[in-house]
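A look at the structure
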Amino acid sequence: PVLNQTMQEIGNSHLSFKTSNIVLHPNNDTGTAALDLIVEEHTPKADMTYFHSRIYITLSKMEQTKLMGLVHTKKWKIKSVSAELASDIPVSILD
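Residues numbered from 1 in each chain as written. Predicted model: local features only at pLDDT ≥ 70, side-chain atom pairs only at ≥ 80, totals over all residues. Heavy atoms only, no water.

1. As for the overall build of the chain
Within the chain, the regular secondary structure consists of two helices and four strands. Beginning at the N terminus, the succession of helices and strands in the chain can be written as α-β-β-β-β-α. In the chain, once contacts between residues fewer than 6 apart in sequence are set aside, the share between residues at least 24 apart is 38%. (Helix = DSSP H or I, 4+ residues; strand = E, 2+ residues; numbered from the N terminus. Contact = heavy atoms within 4.5 Å.)

2. Observations regarding a nonpolar patch on the surface
Together, Leu67, Leu70 and Val71 make up a nonpolar patch on the protein surface, roughly 320 Å² of accessible area in all. You can see Leu70 is positioned in the loop between strand E3 (47-66) and strand E4 (71-85). (Patch = residues over 30% accessible without salt bridge, like charges linked within 9 Å, V, L, I, M, F, W, Y side chains within 5 Å. Areas by Shrake-Rupley, 256 points an atom, 1.4 Å probe, with all protein chains shown as cover. Salt bridge = Lys/Arg side-chain N within 4 Å of Asp/Glu carboxyl O.)

3. Some words on the pattern of salt bridges
Under the definition given, this model contains three salt bridges. A salt bridge links Asp29 to Lys74; the shortest N-O distance between them is 3.1 Å. With a gap of 45 residues between them, Asp29 in the loop between strand E1 (15-27) and strand E2 (30-42) and Lys74 in strand E4 connect regions that are remote in the sequence. For Lys74, a relative accessible area of 46% translates into the label partly exposed. (Buried < 20%, exposed > 50% of the residue type's maximum accessible area, 1.4 Å probe, protein only.)

4. Re the sheet that holds E4
The strand order across the open sheet formed by four strands is E1-E2-E3-E4, and the pairing between neighbours is antiparallel. On the outer flanks of this sheet lie E1 and E4, each paired with one strand and no other. Geometrically, the sheet is characterised by an average inter-axis angle of 20° between neighbouring strands, direction not taken into account. Sheet topology places E1 next to E2; eleven bridges connect them, and they run antiparallel. (Pairing = 2+ DSSP bridges. Axes fitted to C-alpha atoms, helices over the stretch in contact; angles between N-to-C directions.)

5. Some thoughts on the pairing of E4
Summarising the sheet, E3 and E4 pair through 14 bridges and their orientation is antiparallel. The residue of E4 that forms the bridge with Met62 is Lys75. The hairpin formed by E3 and E4 contains four residues between the paired strands, and Leu67 there has a positive phi angle of roughly 50°.

6. What to know about the nonpolar core
Grouped together as the largest cluster of nonpolar side chains are six residues: Ala33, Leu35, Leu37, Val39, Ile55 and Ile57. Where this core is concerned, the elements lending two or more residues are E2 and E3. When residues in this core are grouped by element, the largest group, four residues, is from E2. (Core = buried A, V, L, I, M, F, W, Y, C linked by side-chain atoms within 4.5 Å.)

7. Remarks on the side chain of Glu40
Residue placement: Glu40 occurs in strand E2. A distance of 3.1 Å separates a polar atom in the side chain of Glu40 from a polar atom in the side chain of Lys18. Side-chain polar atoms of Glu40 contact the side chain of His42, separated by 3.3 Å. Each residue touching Glu40, except ones within four places of it in the same chain, is listed here: His14, Leu15, Ser16, Lys18, Met48, Thr49 and Tyr50. (Polar contact = N/O pair within 3.5 Å; in protein donor to acceptor, adjacent residues only side chain to side chain.)

Below, the structure is given as structure tokens:
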């Protein structure tokens, strides 16, 4: 949903985002997620891959207060994101 909203905001673009191999590991107030992400552009003149990587996300439940401290809730927040760059993408595209 977030990627689709981002693409709508970009407007008329040839970029596409593909995710696959999503693995989630919740553990009480922490969790991890891993997924493969590919960002490509398809135009009549060329097909290019800008980004292809395994993404790792660490999440943590954080307490939030609302209504001047009257309501306490917990929401998932991203603590860290890391990636393994694929070796088959030319370095010139990444620079």
